[in-house]
Amino acid sequence: MITPAFAQSTAPAGGGGDMLIQFVPFILIFVIMWFLILRPQQKRQKAHQEMIKNVRRGDTIVTSGGFIAKVTKVVDDGEVEAEIAEGVKVRIVRGMISEVRSKAEPVKS
């Protein structure tokens, strides 16, 4: 039989160091997730936002719905007008642009 006094004497005195050691694996997992998943995703998101911000007339774009269109007019900060077929123009929210395929040539001065 183990007496209560013997069982109590084997426990660590402070107990705080043991708790820190238990959290080390969770901290390591979070750091690994940050560098392998979250950080690259944030970089891609920034690049996509920059690409959308720089869309101008003459660019060929692909929408999130799969339409390939040519930008005919930039309406405002949130929308562009694009031609999806000859004579068919639609207004597209900038957030729905998934890719800019070909850039327009710069305007001649």
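Residues numbered from 1 in each chain as written. Predicted model: local features only at pLDDT ≥ 70, side-chain atom pairs only at ≥ 80, totals over all residues. Heavy atoms only, no water.

**Q** Is there a simple way to explain the overall build of the protein chain in this structure?
**A** The secondary structure content of the protein chain amounts to two helices and five strands. Put simply, the protein chain has 109 residues, and 15% of those count as buried. Accessible area for the protein chain stands at about 8900 Å²; split by element, carbon and sulfur atoms hold 62% of it. (Helix = DSSP H or I, 4+ residues; strand = E, 2+ residues; numbered from the N terminus. Buried < 20%, exposed > 50% of the residue type's maximum accessible area, 1.4 Å probe, protein only. Areas by Shrake-Rupley, 256 points an atom, 1.4 Å probe, with all protein chains shown as cover.)

**Q** Whenever I open this one, the UniProt feature "transmembrane region" (unreviewed entry) in the protein chain confuses me. Can you help?
**A** As recorded in UniProt, the feature "transmembrane region" (unreviewed entry) lies at residues 20-38. End-to-end, the C-alpha atoms of residues 20-38 are 25 Å apart, and along that stretch the chain is 100% helix and 0% strand. (UniProt positions renumbered as here; feature names shortened; annotations may be inferred.)

**Q** Is there a simple way to think about the sheet that holds strand E4 (residues 88-93) in this case?
**A** Each strand in a sheet pairs with its neighbour through backbone hydrogen bonds, running either in the same direction (parallel) or in the opposite one (antiparallel). As summarised here, the arrangement of the five strands in space is E4-E3-E2-E1-E5, forming an open sheet in which the pairing is antiparallel. Edge positions in the sheet fall to E4 and strand E5 (97-102), since each of these pairs with one other strand and no more. Ignoring strand direction, the axes of neighbouring strands in this sheet form an average angle of 45 degrees. (Pairing = 2+ DSSP bridges. Axes fitted to C-alpha atoms, helices over the stretch in contact; angles between N-to-C directions.)

**Q** Looking at this structure, I do not really get the nonpolar core. What am I missing?
**A** Side chains of a nonpolar character, in soluble globular proteins, are inclined to be buried together. Ranked by size, the top nonpolar core spans ten residues in total: Ile52, Val55, Ile61, Ala69, Val71, Val80, Ala82, Ile92, Ile97 and Val100. Where this core is concerned, the elements lending two or more residues are strand E2 (68-74), strand E3 (79-85) and E5. The contact partners of Ala82, leaving out residues within four places of it in the chain, are Ile61, Ala69, Lys70, Val71, Thr72, Val88, Lys89, Val90 and Ile92. (Core = buried A, V, L, I, M, F, W, Y, C linked by side-chain atoms within 4.5 Å. Contact = heavy atoms within 4.5 Å.)

**Q** Could you clarify how one ought to interpret the confidence of the model for the protein chain in this entry?
**A** Parts of the model with low pLDDT should not have their predicted coordinates read in detail. Per-chain confidence: the protein chain averages 84 in pLDDT, with 79% of residues scoring 70 or above. Predicted confidence in the protein chain is weakest over helix H1 (residues 4-9), with a mean pLDDT of 59, and strongest over E4, with 95. (pLDDT = per-residue confidence, 0-100.)

**Q** Mind showing me how you'd approach the side chain of Glu81 here?
**A** Summarising the element assignment, Glu81 is placed in strand E3. Lacking a salt bridge, the buried Glu81 has Lys89 as its closest oppositely charged neighbour, with an N-O distance of 4.3 Å. Excluding residues that lie within four positions of it along the chain, Glu81 makes contacts with Lys70, Val71, Thr72, Lys73, Val75, Lys89, Val90 and Arg91. (Lys, Arg positive; Asp, Glu negative; His and termini not counted. Salt bridge = Lys/Arg side-chain N within 4 Å of Asp/Glu carboxyl O.)

**Q** Can you help me understand the pairing of E4 in this one?
**A** If a strand is regular, its side chains alternate between the two faces of the sheet. Examined bridge by bridge, E3 and E4 share six bridges and lie antiparallel to one another. Across the sheet, Ala85 pairs through a bridge with Val88, a residue of E4. Counting the residues between successive antiparallel strands, the hairpin from E3 to E4 contains two residues, one of them, Gly87, with a positive phi of roughly 85 degrees.

**Q** What's the story with the environment of Thr63 in this structure? I'm lost.
**A** You can see Thr63 is positioned in strand E1 (residues 60-63). Counting along the chain gives 34 residues from Thr63 to Ile97, while the straight-line C-alpha distance between them is 4.4 Å.

**Q** What am I meant to see in the pattern of salt bridges here?
**A** Where side chains of opposite charge bring their charged atoms close, a pairing between them can arise. Per the stated rule, a full pass over the model turns up two salt bridges. We note a salt bridge from Arg101 to Glu99, for which the minimum N-O separation is 3.7 Å.

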